[in-house]
Amino acid sequence: MDASMFRAWIHEAARLVVDNTDYLTRLDSAVGDADHGINMRRGLLAAVAMLDETNPSTPGAVLATVGRALISKTGGASGPLYGTGFRQAAGTLGEDPDVSAAQLGVALAAALVGIQRIGAALEGDKTMIDALGPAVTSYQAVIETGGDLGNATRAAFEAAVRGLKQTAGMQARKGRASYLGARTIGHEDPGAASTVLILSALATVTAASERPGTGAAS
């Protein structure tokens, strides 16, 4: 995977978030400030603009740029959380011009650790961790058993979807939603939903890269 594929991932993530802004806002209106969709759209569009302007040449530089944009332009708690995640992921990739599927797994795990450190959340707290945690585990399981990048990112996405659905039965224990107590039960977590969109974008881009005539993914 080179910088162009990572840029394509963020472009696709931004497109999905823009298309699903109202969906994310509806989820957040039940458990939060009803601004998650707007905030994520703003942050990812800013990330795309910054990538297009600076044209970073390595995967690590792409993710670091995205992290900076999200921290500076995304409102609410999602900016620091996602921004930290992307920056932590970038730190594992260094200046390598191409990264392997295994390296991407390390980067995703680092993103998870960074987000957990900032948000102090665990699986079961009804946050984005309930989608990202299972996604990282599933990704790494595929790679460790000899699976390729496309299968690993698809597994990560599918695990995130399952995690999102499970948040509906949880009571929020972190963030603003925690103040609503039992009233959060029955509603999916908006942060988990945006995580699903970002991982969906990753799975789409890596699958496209492995089609005949498009070049094999690293």
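Residue indices begin from 1 for each chain and proceed along its sequence in written order. In view of the model being predicted, local features appear only for residues whose pLDDT reaches at least 70, and side-chain atom pairs are presented and counted only at 80 or more, with totals across whole chains, interfaces and linings using the full set of residues. Calculated side-chain values reflect all of the structure's heavy atoms, with hydrogen atoms and water omitted.

Undergrad: I tried to follow the nonpolar core on my own but got confused; where do I start?
TA: Within soluble globular proteins, side chains that are nonpolar tend to cluster in buried spots. Phe6, Trp9, Ile10 and Tyr139 are the most contacted members of the largest nonpolar core, which has 64 residues in total. What counts as a helix is a DSSP run of H or I of at least four residues, what counts as a strand is a run of E of at least two, and both are numbered from the N terminus. The element contributing the most residues to this core is helix H9 (residues 190-209), with 10 residues. We define the nonpolar core as a collection of buried residues of types Ala, Val, Leu, Ile, Met, Phe, Trp, Tyr and Cys that are connected through side-chain atoms lying within 4.5 Å of one another. Only protein chains enter the accessibility calculation, which uses a 1.4 Å probe; a residue whose area is less than 20% of its type maximum is buried, one above 50% is exposed, and one in between is partly exposed.

Undergrad: Can you walk me through the confidence of the model for the chain in this structure?
TA: Note: predicted coordinates in regions of low pLDDT should not be interpreted at a detailed level. Confidence of the predictor at the level of single residues is given by pLDDT, which spans 0 to 100. Confidence in the prediction for the chain averages 93 pLDDT; 96% of positions are at 70 or higher. Residues are treated as being in contact if the distance between any of their heavy atoms lies within 4.5 Å. Considering only residues more than four positions removed or in separate chains, one finds that residues 213-218, a stretch of pLDDT under 50, has 15 contacts.

Undergrad: Sorry if this is basic, but what is going on with the pattern of salt bridges here?
TA: Where charged atoms from two side chains of opposite charge approach closely, those side chains can pair. Salt-bridge detection follows one rule: a side-chain nitrogen of Lys or Arg within 4 Å of a carboxyl oxygen of Asp or Glu. Scanning the model with the defined rule gives three salt bridges in all. Here Asp19 and Arg15 are joined by a salt bridge, their closest N and O atoms 2.9 Å apart. Here the residue Asp19 and the residue Arg15 both occupy positions in helix H1 (residues 3-19), the gap between them amounting to four residues, near one helical turn. Between Asp125 and Arg173 there is a salt bridge; the shortest N-O distance is 2.8 Å. With Asp125 in the loop between helix H6 (101-119) and helix H7 (129-144) and Arg173 in the loop between helix H8 (149-167) and H9, the pair connects residues that are 48 residues apart, well separated along the chain. Take Arg173: its relative accessible area is 52%, and that puts it in the exposed class. Here the salt bridges do not stand alone but share partners, grouping Glu12, Arg15 and Asp19 into one network.

Undergrad: How should the side chain of Thr206 be read in this particular structure?
TA: Following the sequence through the fold, Thr206 ends up in helix H9. Two N or O atoms count as a polar contact when they lie within 3.5 Å, although within protein this holds only if one can serve as hydrogen donor and the other as acceptor, and sequence-adjacent residues are included solely when both atoms are side-chain atoms. Within the structure, Thr206 has its side chain in polar contact with the backbone oxygen of Leu202 (distance 3.0 Å). Residue contacts for Thr206: discarding those within four places in its chain leaves Met1, Met5, Leu149, Gly150 and Thr153.

Undergrad: Just checking my understanding: could you explain the environment of Leu180 for this structure?
TA: In this fold, Leu180 is placed in the loop between H8 and H9. Looking at Leu180, the relative accessible area reads 26%, which means it is partly exposed. Once the C-alpha coordinates of Leu180 and Met1 are considered, the two residues, 179 residues apart in sequence, prove to be 43 Å apart. With residues up to four places along the chain from it excluded, the contact list for Leu180 reads Ala30 and Val31.

Undergrad: Just checking my understanding: could you explain helix H4 (residues 59-73) for this structure?
TA: Within an α-helix, residues lying three or four positions from one another point in the same direction, as the helix has 3.6 residues per turn. One less than the number of residues in a helix, times 1.5 Å, gives the span that helix is expected to have. In a regular helix each residue adds 1.5 Å, so 15 residues correspond to 21 Å; H4 covers 21 Å between its end C-alpha atoms and thus fits that length. Among all positions in H4, only Pro59, Gly60, Val62, Leu63, Thr65, Val66, Gly67, Ala69 and Leu70 are buried. Tucked inside the fold, the buried residues of H4 contact H1, helix H3 (36-54) and helix H5 (78-93).

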